[in-house]
Number of protein chains: 2
Amino acid sequence: MRRMTARPANAHQARLLRLLRDGGPNSRAQLGDQIDLSRSKLAVEIDRLLETGLVAADGLAASRGGRRSHNIRLAPGLRLLGVDIGATSVDVAVTNAELEILGHLNQPMDVREGPVAVFEQVLDMAAKLRASGVAEGFDGAGIGVPGPVRFPEGVPVAPPIMPGWDGFPVREALSQELGCPVMVDNDVNLMAMGEQHAGVARSVKDFLCVKIGTGIGCGIVVGGEVYRGTTGSAGDIGHIQAEPDGRPCACGNHGCLEAYFGGAALARDAEAAARDGRSAELAARLEEMGSLAATDVAAAASAGDATALDLIREGGTRTGQVIAGLVSFFNPGLVVIGGGVTGLGHTLLAAIRTQVYRQSLPLATGNLPIVLGELGPAAGVTGAARLISDHLFSPA
Amino acid sequence: MRRMTARPANAHQARLLRLLRDGGPNSRAQLGDQIDLSRSKLAVEIDRLLETGLVAADGLAASRGGRRSHNIRLAPGLRLLGVDIGATSVDVAVTNAELEILGHLNQPMDVREGPVAVFEQVLDMAAKLRASGVAEGFDGAGIGVPGPVRFPEGVPVAPPIMPGWDGFPVREALSQELGCPVMVDNDVNLMAMGEQHAGVARSVKDFLCVKIGTGIGCGIVVGGEVYRGTTGSAGDIGHIQAEPDGRPCACGNHGCLEAYFGGAALARDAEAAARDGRSAELAARLEEMGSLAATDVAAAASAGDATALDLIREGGTRTGQVIAGLVSFFNPGLVVIGGGVTGLGHTLLAAIRTQVYRQSLPLATGNLPIVLGELGPAAGVTGAARLISDHLFSPA
DNA sequence: CCGCTTTGTCCTGCGACAGGAGAAAGTCGT
DNA sequence: ACGACTTTCTCCTGTCGCAGGACAAAGCGG
């Protein structure tokens, strides 16, 4: 199938495409209410979009008291690929133009195997999704990687947990392989975009999205746009000091947040607790599996294990301590907690909330919701699709 | 003298006015190079600006190889009032349309005396400046207050150090008194705008401006625009925790940065050091004055007093600790240190730098300048003038 | 079948604007 | 002193974007 290579010719068309993406199919009249354009001009632009195939007319809607309207919708055959590369697994999903997920695969994989091995895997998963019939090809792909990215070029820069990726031309390479436009971003930023598009952060202009996975990162949204910082490393809060002269961290400093919490630290602490005999529950799991992961702590906690609950509470408190500072500084309208450890659920959330509400300024916390992300593993891939969609739906 | 009530009629005119403000007088041809408009359209807009009196033609420039150009400049009679209300003093200045300071007054005053008393003082100072001949009236005024502001309305909200100002309609009241448009913002944001317009932060898009006065605040600039947060309290970093379970703070929490540093904390620590006999230098000053201020510590330090130097270094280290976290989070392109305690100079700066470079991520600090503001007390009033100028030079 | 409503199309006229032609006002070389 | 060239600025004309009215199409209810 031939892919849509067309792009909106002007800002009006871009605006219309985004309205259709975020608001679903719509009549000309309804679109006219949402955009500041005369009916005539609107009709012209829609006709042009129909000609280029970016949108399609799709039957008549029910009457609302008068002439029935034509439904205008985004090209039904348009397919986007969303890729979310985590430290220990890869998510790949296919969406339509409205960013609805049509197929989603997840595969464990160590990002440290390097870009070549990971891309092989990603392309294989994309092929599987194509074979399953949800897509015949891709009009664009968004991809998130667990580290800082030089955004305009789509190249990771000095990523601590994936050194082999430093300077690897992710965007160019993947674009070549897939034959479609590709955009690359930090995985945390994509999670923020996902929750903004389809999750808890809809209609919030300024918010933070804290992702607690193997490490800890934070997506920053200012005025509805992701803020990436001067060198693309904004939101890298895992190595903010949570305890002066505290535990040594892999980064070389002491007392970093990631030395106390996150998937890696939690697993390490849990194994220590199991060996020290502080938790029979965890010891049993360690015996069985040979090693422990965050999910084991989650399971032990829901089984009522006190040590597991303590580990979660302590981690949440440390995290809350750091978030409290960020809340005072940034004064967000919402804080979203997400990532792999959301399985720790409300124990974690309660600890974070307690600490933030206790420590931040009342004016900043007065009306501040702190909530779990509602998209789970779909947040990253949705954000990735959103990223490339934003790119495709901007004037050429 | 009649004031300019005219406002630019469209975005082009606004753009031209800002070019003239930031780049100084210019010929039509030079303006044409900086704006994406045809010569004809440009001429039309400039003619309209000349008609409304917003700009003036001001003689011929030297030839550059051909016909001499007419100099176009902003209305030479335009006058802006910049007001910077600090915790313990008030600055009032008059600028021309290019934001050059034509007159500047400073007066000690306690902000806690409340808005009525402070405004009386401000109006008196403005009258003095008028009487000195630098202005016959004001076309607009910008005012900074040491606390959070609901920006669109120009009203302080729950300001900790000036409780009597809560909800006082600063913008409306001052606009009534002065008979011109008024904009209100946090004093720290104005300092950031000042350094951005005429100081060290020219041409930097994303930066932080840490103001260490009586308290400690931080101006946040994202993409060239001041970020104020959801409730206007963004940048309030004085109560970020610098030490878990540390010193009690006036805010009710423990270990806040302001409990360790800032004008108030420094004075308190210096007096304690004087009484404990740790510093003969400080003790002598305490004897003489009855109390100590940050300036005394600065003086003692430049006299070589070891205790004073220690106090500054310790404060700088605490501040650097907090800034390090913000740098990791925000990844700015520049950090500006300013405010009353800049008198502490390079001892302070060195301590902050050491801590930030030691603690933040290399990627975020790699190319990060940390510098003292270069405008001193003029930063606030320049920023205030810039604030109202931005308002006046936007389409009506 | 007749009003009334909603939706969509066509047409005309206005205003924004680009870009060429040319006038005005210089410099420089001979 | 004069002509060639440059820069600056003005004027004019044609094109394009666009708003808004008139009108056609299509549906509803009585």
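Scroll up to find the structure this text is about.
These lines cover the structure that appears in this document, whether it is placed above or below. (Residues numbered from 1 in each chain as written. Chains lettered and ligands numbered in written order. Predicted model: local features only at pLDDT ≥ 70, side-chain atom pairs only at ≥ 80, totals over all residues. Heavy atoms only, no water.)

1. A few points about the nonpolar core
By size, the foremost hydrophobic cluster in this structure holds 96 residues, and its most contacted members are V210, F329 and I337 of chain A together with V210, F329 and I337 of chain B. The biggest single contributor to this core is helix α11 (residues 306-330) of chain A, with 11 residues. (Core = buried A, V, L, I, M, F, W, Y, C linked by side-chain atoms within 4.5 Å. Buried < 20%, exposed > 50% of the residue type's maximum accessible area, 1.4 Å probe, protein only. Helix = DSSP H or I, 4+ residues; strand = E, 2+ residues; numbered from the N terminus.)

2. Regarding the environment of S233 of chain B
Note that S233 of chain B resides in the loop between β12 (225-226) and α7 (257-260). Considering only alpha carbons, one finds S233 of chain B and V149 of chain B, 84 residues apart in sequence, at a separation of 7.2 Å. In contact with S233 of chain B, not counting residues within four places along its chain, are S328, N331, L363 and A364 of chain A together with P148 and R228 of chain B. (Contact = heavy atoms within 4.5 Å.)

3. Thoughts on unusual backbone geometry
For residues other than glycine, phi is negative in most cases, and the peptide bonds are mostly trans. Residue and element names in this part refer to chain B. For L99, which is not glycine, the phi torsion reads 70° and is therefore positive. Under the relative-accessibility criterion, L99 is labelled buried at 5%. One non-glycine residue with positive phi stands out, namely D245, at about 50°. Mapped onto the secondary structure, D245 falls in the loop between β12 and α7. A relative accessible area of 72% places D245 in the exposed class.

4. Some thoughts on the pattern of salt bridges
Considering all chains together, one arrives at 38 salt bridges over all chains under this definition. Across the pair K211 of chain A and D187 of chain A runs a salt bridge, and its minimum N-O distance is 3.1 Å. With K211 of chain A in strand β10 (residues 207-212) and D187 of chain A in helix α6 (residues 187-198), the pair connects residues that are 24 residues apart, well separated along the chain. Assigned by exposure class, K211 of chain A and D187 of chain A land together as buried. A salt bridge links R202 of chain B to E374 of chain B, with the nearest nitrogen and oxygen atoms 3.4 Å apart. Of the two residues, R202 of chain B is situated in the loop between α6 (187-198) and β10 (207-212) and E374 of chain B in the loop between β14 (370-372) and α14 (378-392); the sequence distance between them amounts to 172 residues. One continuous salt-bridge network, built from bridges that share partners, spans R18, R21, D22, R386 and D390 of chain A. (Salt bridge = Lys/Arg side-chain N within 4 Å of Asp/Glu carboxyl O.)

5. A few points about the protein's contact with DNA strand C
Looking at DNA strand C, there are 22 residues lining it, with R64 and H70 of chain A together with S38, S40 and K41 of chain B nearest. A breakdown of the atoms of DNA strand C within 4 Å of the protein gives sugar and phosphate a share of 61%. Within the side chain of H12 of chain B, one N or O atom sits 2.8 Å away from a phosphate oxygen of DNA strand C. Between S38 of chain B and DNA strand C, the recorded distance is 2.7 Å, taken from a side-chain N or O atom to a phosphate oxygen. (Near = heavy atom within 4 Å. Polar contact = N/O pair within 3.5 Å; in protein donor to acceptor, adjacent residues only side chain to side chain.)

6. Brief notes about the protein's contact with DNA strand D
Residues in close proximity to DNA strand D total 22 residues, the closest being S38, S40 and K41 of chain A together with R64 and H70 of chain B. What you see for DNA strand D is that sugar and phosphate hold 60% of its atoms within 4 Å of the protein. Here a base oxygen of DNA strand D and a side-chain polar atom of R39 of chain B are 3.5 Å apart. Contributing elements (two or more residues each) for the surface near DNA strand D: α3 (39-52) of chain A together with α2 (28-34) and α3 (39-52) of chain B. Sort the elements by how many residues they give to the surface near DNA strand D and α3 of chain A lands first, with three residues.

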